[in-house]
Amino acid sequence: MAEHSSLITKTKCYHCGDAVEQTPYVLNDHQFCCLGCQTVYQILNENDLQSYYRYNSHPGKSQQAQKEDLSYLDEPNIVAKLVDYQDDEIAVITFYVPAIHCSSCIWLLENLFKLNPSVKSSKVDFMKRQASITFSKNELSLKELVQLLHNIGYDPKITLQDVIKEGKKINQNGLISKITVAGFCFGNSMMISFPEYFGMAEFEREYSAFFGYMNLAFGLPVLLYSASDYFRSAWYSLKQRRLNLDVPLALGIFVLFFRSALEILTQSGAGFIDTLCSLVFFILIGKWVQERTYYHISFERDYRSYFPVAVTVLNEEVEKPTPIADLKVGNRILVRNNEIIPADAILLKGDALVDFSFVTGESKPITKTLGEVVYAGGRQTGGAIELEVVKAVSQSYLTKLWNNESLKAYERKFETFVGVISKYFTVALVSIALLAAIFWILGSAPDRAWAAFTAVLIIACPCALALSSPFTLSAALSIFDRNKMYIKNTSAIEQMAAIDTVVFDKTGTISSPSASTMCFEGNLSKLERDLVYSLCRNSNHPLSREIIKWLGPSNVLPIKEYEEFVGKGQSASYLDYRIMVGSALFTNVKYSEVEGSVVYVVVNETVKGVFTLEQSWREGLNEVIGALKKNYELHLISGDNERRAEALRLIFPTNATLLFNQTPNDKLLKIDSWQKEGKNVCMLGDGLNDAGALRKADLGIAVSDDINNFSPGCDAILDGVSFEKLPDFFAFSKDAVKVIKMSFVISLLYNVVGISFAVQGTMSPLFAAILMPISTVTIISFTSLMTRWYGKKRSLI
């Protein structure tokens with residue numbers, strides 16, 4: 001039997017690991033931070049699933065958050081759009097479950113059938129944080145299935161984008177097939193070539209022709225299938241009259257096969273098929289590593305991932321969940337606390353206190369009066385309100401803002417280090433090969449010209465160079481990932497290294513949505529401070545407690561006639577003083593420029609000031625700005641007003657531009673003006689109002705306190721808890737580019753050694769078979785070790 005303990009101790013919740021700061025809940029000698037965590041434990045315990053807690057300490061997620069309304073999952077048309085498959089008996093659905101983070105999560109979700117026999121099977125994709133569940137639809141409804149996941153703390157995230165069923169899917173099956181073919185041919189070709197390596201060809205001469213034809217047979221699928229993408233890319237590059245790294249790679253692969261085929265068919269040599277297969281195999285591995293990015297994180301989200309699947313429509317006082325797409329002008333809708341307003345609508349009933357920070361950047365919730373238009377995208381922070389839709393979702397302010405042409409992706413003229421080098425590498429390689437051929441033609445041994453020409457193209461093939469960048473940058477990506485900086489692709493790291501100007505948004509970027517601080521505008525005497533303290537200490541309201549913290553130690557005065565009006569304010573008397581603390585309406589403040597969570601202080605009918613609850617600066621902001629200003633030009637562009645401008649001027653350097661009340665288009669134009677001055681600009685933002693600037697900037701970083709929530713299109717997503725590591729991230733990106741350049745020098749040294757033999761026209765298959773794999777292994781080892789060393793140097797490992 002569970003009991004509610006009165007013992008107050010500081011310990012960790014047995015389920016989620018959060019600190020138990022208040023009176024803990026105790027069950028079976030385990031303490032829990034809330035009733036929700038205790039309930040999850042009780043459910044698992046009663047169903048013989050205690051093993052969940054054996055694999056990891058505190059594997060669960062806190063259950064203190066408010067649960068959403070699931071009534072919309074009773075609507076058949078919504079269910080039909082959400083499920084992957086259904087027939088008369090079963091249904092299959094794939095949920096995105098952000099709480100998946102460890103082996104205990106996988107074990108529990110794959111044992112759902114023990115909690116409810118109607119669940120036939122469940123399979124978890126850990127990297128994507130997805131759970132695919134097959135269930136009996138006649139015994140268990142979709143709503144009940146989601147409720148089951150809610151009860152055990154694995155709330156699926158269901159948004160409008162799940163209904164649309166769109167999204168960028170990365171399919172690497174084709175690449176993996178090509179790697180498989182190249183690897184198979186490489187292994188068999190090496191085995192067949194062993195007699196040639198060890199000088200045994202003389203003893204096996206009767207089989208040498210047969211082995212040669214087998215080698216040629218292994219080379220054909222590698223040339224025609226595995227290496228096909230390089231030939232396509234090289235051809236496209238030449239058509240565009242530019243040279244990329246695939247041109248010398250394709251040339252080297254073709255020459256390798258052509259010379260090998262010629263030698264085998266004419267019985268003049270053993271060829272280099274094993275070298276060809278190893279070359280293609282390794283560069284495909286490098287390509288796979290480069291493309292294997294954070295496919296479980298979306299960097300191209302749109303407004304639909306911000307909207308819910310359905311909204312509650314009122315028809316003659318009857319509530320009915322309705323899909324967002326079916327919402328029509330004139331519909332009366334009910335929006336509860338913390339729900340999104342899905343379409344532009346007129347407020348008909350209730351007190352609207354709407355948070356538009358995501359859309360406008362304004363940090364203060366805005367009060368709306370009856371009859372006023374409330375725009376889509378705002379989040380209601382007060383009680384339930386009723387509204388009448390005046391524009392369809394597709395025509396709402398939020399949708400128009402998102403579809404604005406100014407927010408479309410911009411073509412960035414950024415060239416990676418390998419891209420720059422490849423322009424000159426091909427020309428230099430072909431030039432050396434031609435010079436070697438001409439030297440032998442004009443010299444004493446014209447018969448060596450062909451051997452020298454092809455040998456240079458083979459041995460100087462930029463395999464090592466092609467591998468240095470993907471392996472370095474993929475190692476860097478894993479280090480960024482470990483520190484909760486999720487970068488879209490490897491080229492974004494090089495873009496990051498080239499940045500010289502960093503631009504910050506304010507609300508939600510340098511300030512934290514999850515932490516607030518009390519600010520006061522006005523002037524209070526010592527007596528008035530004591531009066532406010534004495535009044536607020538009688539209330540248990542969160543704002544009163546914050547005011548008491550702000551005031552600090554004060555004298556407690558014997559106030560009289562104390563009254564508190566819930567949700568409005570409080571008042572009292574002391575000697576000849578009458579003090580009121582509360583909302584503008586309660587204190588009779590006729591004109592208020594301040595919106596949101598504000599508390600006015602009125603003494604004897606005179607306004608003494610106003611308390612506002614502001615988002616706190618992110619931890620380490622001063623240190624971040626201090627470190628970045630040494631090497632970067634810093635600016636701030638905010639859609640918020642200038643309330644805290646003076647504080648920001650003390651944090652940012654004197655040469656920084658601080659702009660407030662900026663529209664999304666203003667931000668974009670300012671980024672563009674800096675770029676026209678020749679600056680490489682990085683923009684850090686968090687909301688839809690930053691979307692255009694994030695896309696226009698040379699590097700866009702979305703700062704989010706929950707990477708699974710909506711964030712605008714960007715090149716990287718930075719978890720808010722790692723904001724203080726931003727200077728280290730920028731420095732590490734430069735280190736990664738250094739490693740690429742150092743590995744390029746090493747690959748050049750190998751090429752110099754190889755070319756010195758190749759130009760003589762005496763290169764043997766054994767020499768090529770040894771030198772090329774050694775150079776490849778050296779580059780891969782060097783890049784991996786050096787990248788990790790720099791990561792440790794920056795305290796990122």
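These numbers were taken from a predicted model, which means no experiment stands behind them. (Residues numbered from 1 in each chain as written. Predicted model: local features only at pLDDT ≥ 70, side-chain atom pairs only at ≥ 80, totals over all residues. Heavy atoms only, no water.)

## As for the overall build of the chain
Next, step 1: The secondary structure content of the chain amounts to 27 helices and 31 strands.
Next, step 2: Counting all 797 residues of the chain, 52% fall into the buried class.
Next, step 3: Sequence separation of 24 or more characterises 67% of the internal contacts of the chain that already satisfy a separation of 6 or more. (Helix = DSSP H or I, 4+ residues; strand = E, 2+ residues; numbered from the N terminus. Buried < 20%, exposed > 50% of the residue type's maximum accessible area, 1.4 Å probe, protein only. Contact = heavy atoms within 4.5 Å.)

## Comments concerning the packing of aromatic side chains
Next, step 1: For the coordinates displayed, the defined rule picks out 20 aromatic pairs.
Next, step 2: An angle of 55° between the planes, with centres 5.6 Å apart, marks the rings of F480 and F729 as tilted. Taken together, the residues F480 in helix α17 (residues 463–482) and F729 in helix α26 (residues 726–758) connect sequence positions 249 residues apart. With respect to burial, F480 and F729 carry one shared label: buried.
Next, step 3: Relative to F652, the ring of F504 lies with its centre 5.9 Å away and its plane at 75°, an arrangement referred to as edge-to-face. (Phe/Tyr/Trp six-rings, centres within 6.5 Å; stacked < 30°, edge-to-face > 60°.)

## Considering the environment of I625
Next, step 1: Within the secondary structure, I625 is located in helix α22 (residues 621–628).
Next, step 2: Relative accessible area serves as the criterion here: at 0%, I625 is assigned to the buried category.
Next, step 3: For the pair I625 and L726, spaced 101 residues apart in the sequence, the C-alpha separation amounts to 9.4 Å.
Next, step 4: The residues contacting I625, other than those within four sequence positions of it, are F504, L634, I651, F652 and P653.

## Comments concerning the pattern of salt bridges
Next, step 1: Applying the stated criterion to the full structure yields 20 salt bridges.
Next, step 2: In this structure, the salt-bridge partner of D672 is K696, at a minimum N-O distance of 3.2 Å. Note that D672 is positioned in helix α24 (residues 664–676) and K696 in helix α25 (residues 691–696), a separation of 24 residues in sequence. Of the two residues, D672 and K696, both sit in the buried class.
Next, step 3: Sharing partners across several salt bridges, the network here consists of K178, D229 and R232. (Salt bridge = Lys/Arg side-chain N within 4 Å of Asp/Glu carboxyl O.)

## What about the sheet that holds strand β12 (residues 332–335)?
Next, step 1: The antiparallel open sheet is built from six strands, whose spatial order is β11-β10-β12-β18-β13-β16. Each of the sheet's edge strands pairs with one partner strand only, and the pair in question is β11 (318–323) and β16 (373–374).
Next, step 2: With two bridges joining them, strand β13 (residues 345–349) and β16 adopt antiparallel strand pairing. Bridge assignment links A345 to a residue of β16, and that residue is V374. (Pairing = 2+ DSSP bridges.)

## Some thoughts on helix α15 (residues 417–442)
Next, step 1: Under the 1.5 Å per step criterion, the end-to-end length of α15 is 38 Å for 26 residues, consistent within 8% with the ideal 38 Å.
Next, step 2: Along α15, the sharpest kink reaches roughly 30°, centred on K423.
Next, step 3: For α15, the complete set of buried residues consists of F417, V418, I421, S422, F425, T426, L429, A433, A436, A437 and W440. (Expected span 1.5 Å × (residues − 1). Bend = angle between axes of the 7 residues up to and from the residue.)

## A closer look at the sheet that holds strand β9 (residues 130–136)
Next, step 1: Reading across from one edge, β6-β7-β9-β8 is the order of the four strands in this open sheet, with antiparallel pairing throughout. One side of each edge strand has no neighbouring strand; the edge strands of this open sheet are β6 (85–86) and β8 (119–125).
Next, step 2: With respect to the sheet, helix α6 (residues 142–151) is in contact with β7 (90–96), β8 and β9, its orientation differing from that of β7 by roughly 40°. (Axes fitted to C-alpha atoms, helices over the stretch in contact; angles between N-to-C directions.)

## Section: helix α20 (residues 526–536)
Next, step 1: Among the eleven residues that make up α20, eight are buried, leaving the element largely enclosed by the rest of the structure.
Next, step 2: Turning to α20, its buried residues number three or more, namely E528, D530, L531, V532, Y533, S534, L535 and C536.
Next, step 3: Residues of α20 that are buried sit in contact with α21 (542–551), β22 (560–565), β23 (569–574), β24 (577–582), β25 (598–603) and β26 (606–617).

## Focus on the nonpolar core
Next, step 1: Counting residues in each nonpolar core, the largest one holds 105 residues, and the members touching the most others are F480, M485, I487, F504, F652, L726 and F730.
Next, step 2: Formed by 50 residues, the second largest nonpolar core is a distinct cluster that contains Y52, I93, V124 and I158. (Core = buried A, V, L, I, M, F, W, Y, C linked by side-chain atoms within 4.5 Å.)

## With respect to the packing of α20 against α21
Next, step 1: Direction vectors running N to C along α20 and α21 enclose 145°, while the axes themselves pass 9 Å from each other. The interaxial crossing formed by α20 with α21 has left-handed handedness. Packed against α20, whose contacting residues are R529, V532, Y533 and C536, the element α21 presents S544, I547, I548, W550 and L551 at the interface.
Next, step 2: Classifying every residue of the contact of α20 with α21 by side-chain character gives seven nonpolar, one polar and one charged. (Left-handed = near helix turned anticlockwise from the far one by under 90°. Nonpolar A, V, L, I, M, F, W, Y, C, P; charged D, E, K, R; others polar.)

## What about the packing of α15 against helix α16 (residues 448–459)?
Next, step 1: Running from N to C, α15 and α16 cross one another at 165°; their axes reach a closest spacing of 8 Å. One element, α15, and the other, α16, form an angle in the roughly antiparallel class. Here the hand of the crossing between α15 and α16 comes out right-handed. Judged by residue contacts, L429, I432, A433, L434, A436, A437, W440 and I441 of α15 engage R448, A449, A452, F453, V456 and L457 from α16.
Next, step 2: By residue class, the composition of the contact of α15 with α16 is 13 nonpolar, no polar and one charged. (Parallel < 35°, antiparallel > 145°, perpendicular 65-115°, else oblique.)

## Overview of a nonpolar patch on the surface
Next, step 1: Together, F254, F258, L262 and W450 make up an exposed nonpolar region whose accessible area comes to about 390 Å².
Next, step 2: The element contributing the most residues to the nonpolar patch is helix α11 (residues 246–265), with three residues.
Next, step 3: Relative to the assigned elements, F258 resides in helix α11. (Patch = residues over 30% accessible without salt bridge, like charges linked within 9 Å, V, L, I, M, F, W, Y side chains within 5 Å. Areas by Shrake-Rupley, 256 points an atom, 1.4 Å probe, with all protein chains shown as cover.)

## Re the confidence of the model for the chain
Next, step 1: Per-residue pLDDT for the chain averages 79, and the proportion of residues at 70 or more is 83%.
Next, step 2: The spread of mean pLDDT over the elements of the chain runs between strand β1 (residues 3–4), the lowest at 41, and strand β20 (residues 501–504), the highest at 94.
Next, step 3: A low-confidence stretch, residues 164–170 (pLDDT under 50), is modelled with nine contacts involving residues beyond four sequence positions or located in other chains.
Next, step 4: Of the regions scoring below 50 in pLDDT, residues 405–409 engages in twelve contacts with residues more than four places distant in sequence or in other chains. (pLDDT = per-residue confidence, 0-100.)

## Brief notes about the pairing of β11
Next, step 1: Bridge count between strand β10 (residues 310–315) and β11: six bridges; the pairing is antiparallel. Considered in β11, the bridge of V313 is made with K320.
Next, step 2: Between the end of β10 and the start of β11, which pair antiparallel, lie two residues, with E316 showing a positive phi angle near 55°.

## A closer look at unusual backbone geometry
Next, step 1: Notably, N661 is not glycine yet its phi reads approximately 55°, a positive angle.
Next, step 2: The residue N661 is located in the loop between β28 (657–659) and α24 in this model.
Next, step 3: For N661, a relative accessible area of 46% translates into the label partly exposed.
Next, step 4: Positive phi values are uncommon outside glycine, yet S795 reaches one of about 60°.
Next, step 5: According to the relative accessible area criterion, S795 is exposed, its value standing at 58%.

## Comments concerning the side chain of K679
Next, step 1: Mapped onto the elements, K679 comes out in the loop between α24 and β29 (681–685).
Next, step 2: At 2.7 Å, the side chain of K679 and the side chain of E633 are in polar contact.
Next, step 3: Within the structure, K679 has its side chain in polar contact with the side chain of E677 (distance 3.1 Å).
Next, step 4: With sequence-adjacent residues up to four places away left out, K679 is seen in contact with D500, T501, E633, W674 and D698. (Polar contact = N/O pair within 3.5 Å; in protein donor to acceptor, adjacent residues only side chain to side chain.)

## Looking at the environment of A466
Next, step 1: Looking at the secondary structure, you find A466 in helix α17.
Next, step 2: A466 sits 278 residues away from F744 along the chain, and the two C-alpha atoms are 9.4 Å apart.
Next, step 3: Setting aside its immediate chain neighbours within four residues, A466 contacts L245, L249 and I283.

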